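Analysis of the macromolecular model
Letter by letter, the chains look like this.
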Amino acid sequence: MSHEIDITGLSKSFGQGAAAFQALKEIDLTITSGEFFTLLGPSGCGKTTLLRIIAGFELPSTGTVRINGRDVTSLGPSKRPVNTVFQSYALFPHMSLSENIGFGLKMLGKPKAEIRATVDEMLQLVRLEAMADRRPSEISGGQQQRVALARALAPRPRVLLLDEPLSALDLKLRKEMQSELKRLQSETGITFVFVTHDQEEALTMSDRIAVMSAGQILQLGAPQEIYNTPVNRFVADFIGDTNFLKLRVKAVDAGMAVLELPGGKAAQASLPDGMRPATGALVTAVIRPEQAEATGADEGDLHATVESATFFGTDTHLHLTLADAQGFVLRRQNRPGQPVPAPQSRLGLALAPGALRVLED
Amino acid sequence: MARSRFSITRLPGFGLIAVLTFVMLYLPIIILVVFSFNAGVSQSRWDGFSLQWYQAAFNNAQVRDVSLRSLWLAVTAASIATMLATLAALGTTRVGRFPGQTMIYALINQPLMVPEIVTGIALLIFVAAIKVQTGYTGMGYLVAAHTAFCIPFAYLPIRARLETLDNALEAAAADLYASPIQAFRYITLPLMVPGILAGFMLGFVISLDTVVITEFVKSAGQDTLPTYMLGQLRRTVTPEMNAIATLFLALSLIVVTAFFLITRTRGR
Ligand SMILES: Nc1ncnc2c1ncn2[C@@H]1O[C@H](COP(=O)(O)OP(=O)(O)OP(=O)(O)O)[C@@H](O)[C@H]1O
Ligand SMILES: [Mg+2]
């Protein structure tokens, strides 16, 4: 696997002096050829800024950007083998779909016959052959999105940058386009750098995800890795739902801690690398809502009182209170005939082995 | 609910004021047009239908002369003004903010703020001085004065058009390997065309229409249609003047209608 994009020591500040705002802080990042790479983070964390620097619309304050080994930091967007799918699509309103898709090749000075062949191929790829001569204003939002994609793919860039390309679409179309994007990416083998603030979208589509917050990359890894072993509280909170419990340490041994649970029982929890809390210290432990199971009232590791239940179709969320008044959400898959526990009823919780993890705050 | 909402149409006297306003706006013009078809010379007594005054106007060499001069001047001044206004609009919208931007906006729009008679007198003095110095008495003065006067009228629709254009379009062109010149040639310029056409037509109508500026700047034998008509009216008024005015009105209506049709489709 070769390096497609190498970003080293990248910072970006907007404004001068005291009013300066650091949008990106010392980012180091390597994106591999042919991968579906996602930048995920809350609004304002610097995703678009990073993408604009990769595309060449913005100069970094410090650091370098290399594409396929070549330093492109000071090159303009027209000199980089990178194309962008804009959030607003930015289709040229006075051109037909064919002309839109062929624009990049025309600017590269390709012969007419080659442009026509590629445009036809792209139209077929995004399934819009029948609409080649329409204007962008004469097609639907989802179709416009596909044209934007085809236009960016037509010059065969090494890298395709996509800034929240699905955020304007309704849920159903969004799901369709998600699989369409995955299909296009595997068919073309082009490296995708995809920006989203939707964690579910990131988890389902990506080969790797970089979770960003306040101009920094907090964690970088495969979706399973980020979901199962978040490195800190922010990542755990941002990706999926999580129960945070304040628990006391009873013993520590080789990357594992024994924690005292509300109600008096004990459970093993993994410790993050390099963390060795003292016996008796209070630590934050996390467990996903689906990684515990309801048991009889006097069985299990924890005892809880039901506060309320929320029905979600495939599953039900039970909002519980533990013996020491900490809250806990349990996600239980729905089965036919299974009764929903009444408020104030009591139940036990069995934690899945390995599910409890200590996190640094 | 809807009944209790304030509605200006239910105020006392609304209908009367509306009718009076429209009567004031259009009745004089309708009378002017009607009497251009009068068989007699009267402006108040109908003597039957005739096209004789139109015939007279068409056969009047002087009318033909000043009409052609008016058209030539309007096309020339509006063309130059549109070119300059296009550059000005690009220079005030497609750049980062710079100090004095608002100032420049105000300066470009001088003719909208300075009373026309003041501009006219200033031009009279200024042009007279140049005429004495150079001896040149050609159409150049009128072209220059009309051009300057037309610039803001051309500038406003072009600027408005540019402001509605998504900056991301030019970014997308650059992303697709277009040089700055290519991005302008293939993206910005074609999308500006409706604004440019609208600007040209507004400038054209303004130049065709202006009396004051022309009156003060023109040399002997440089009458335009409006100044010629003004001169004729000082003598006798025959329905020939009605016929000329009606034709002039028709031309203006055609241009203004075209302007509306073009600006209406600008969203596309
Ligand atoms: N041109 C600019 N001048 C000043 N500040 C800017 C500029 N562009 C971005 N910023 C700031 O930099 C930060 C990061 O912006 P960016 O657009 O990269 O966020 P984002 O992660 O893409 O957010 P969103 O999910 O809302 O699109 C924001 O706080 C923003 O206000
Ligand atoms: Mg953004």
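Here we look at the domain arrangement of chain A
Size of an interface: often given as the accessible area lost when the parts come together. All names here are of chain A. Structurally, chain A comprises domain 1 (3–237) and domain 2 (241–359). For domain 1 and domain 2, the distance between their C-alpha centres works out to 39 Å. With 10 residues of domain 1 in contact, the opposing surface of domain 2 contributes 8 residues. Between domain 1 and domain 2, a total of about 810 Å² is buried, with carbon and sulfur atoms accounting for 47% of that surface. When the buried area of domain 1 at its contact with domain 2 is split by residue, Tyr227, Arg233 and Ala236 rank highest and sum to 60% of it. For the pair domain 1 and domain 2, the interface holds 0 salt bridges. Taken together, the connections running from domain 1 to domain 2 amount to 6 residue pairs in polar contact (both at pLDDT 80 or more). Here the residues of the side of domain 1 that touches domain 2 are counted per class, giving 5 nonpolar, 3 polar and 2 charged.

Concerning the domain arrangement of chain B
Residues and elements named next belong to chain B. As assigned here, chain B comprises domain 1 (13–50) and domain 2 (60–265). Using C-alpha coordinates to define each centre, domain 1 is positioned 31 Å away from domain 2. The interface is formed by 9 residues belonging to domain 1 together with 8 residues belonging to domain 2. Taken over both partners, the interface formed by domain 1 and domain 2 buries close to 660 Å², and the fraction arising from carbon and sulfur atoms is 63%. Three residues, Leu32, Ser36 and Gln43, lead the burial of domain 1 against domain 2; their summed loss comes to 60% of the area buried on that side. Along the contact surface separating domain 1 from domain 2 lie 0 salt bridges.

Notes on the packing of aromatic side chains
Summed over all chains, the structure comprises 14 aromatic pairs over all chains. Taking the centre distance of 6.1 Å and the plane angle of 75° together, the rings of Phe35 of chain B and Trp46 of chain B count as edge-to-face. Here the residue Phe35 of chain B occupies a position in helix α1 (residues 14–35), and Trp46 of chain B occupies one in the loop between α1 and α2 (52–59), the gap between them amounting to 11 residues. The partly exposed category is assigned to Trp46 of chain B, whose relative accessible area is 42%. Each residue in the set Phe36, Phe192 and Phe194 of chain A is aromatic and connected to the rest through ring pairs, giving one cluster. Of note, Arg151 of chain A hangs over the ring of Phe92 of chain A, and the distance from its end group to the ring centre comes to 4.6 Å. Here the guanidinium or amino end of Arg233 of chain A rests over the ring plane of Phe244 of chain A, the centre of that ring lying 4.1 Å away.

Regarding the confidence of the model for chain B
Residues and elements named next belong to chain B. Confidence in the prediction of chain B, expressed as mean pLDDT, is 88, and 97% of residues score 70 or more. Of all the helices and strands in chain B, helix α5 (residues 110–113) carries the lowest mean pLDDT, 80, while helix α3 (residues 61–93) carries the highest, 93. Scored as a whole, the predicted complex attains pTM 0.78, and scored at its interfaces, ipTM 0.76.

Each value, and the rule that gives it
- Residues numbered from 1 in each chain as written.
- Chains lettered and ligands numbered in written order.
- Predicted model: local features only at pLDDT ≥ 70, side-chain atom pairs only at ≥ 80, totals over all residues.
- Heavy atoms only, no water.
- Domains from an automatic or database assignment.
- Contact = heavy atoms within 4.5 Å.
- Buried area = accessible area lost by both parts, 1.4 Å probe.
- Salt bridge = Lys/Arg side-chain N within 4 Å of Asp/Glu carboxyl O.
- Polar contact = N/O pair within 3.5 Å; in protein donor to acceptor, adjacent residues only side chain to side chain.
- Nonpolar A, V, L, I, M, F, W, Y, C, P; charged D, E, K, R; others polar.
- Phe/Tyr/Trp six-rings, centres within 6.5 Å; stacked < 30°, edge-to-face > 60°.
- Helix = DSSP H or I, 4+ residues; strand = E, 2+ residues; numbered from the N terminus.
- Buried < 20%, exposed > 50% of the residue type's maximum accessible area, 1.4 Å probe, protein only.
- Lys NZ or Arg CZ within 6 Å of the ring centre and 35° of its normal.
- pLDDT = per-residue confidence, 0-100.

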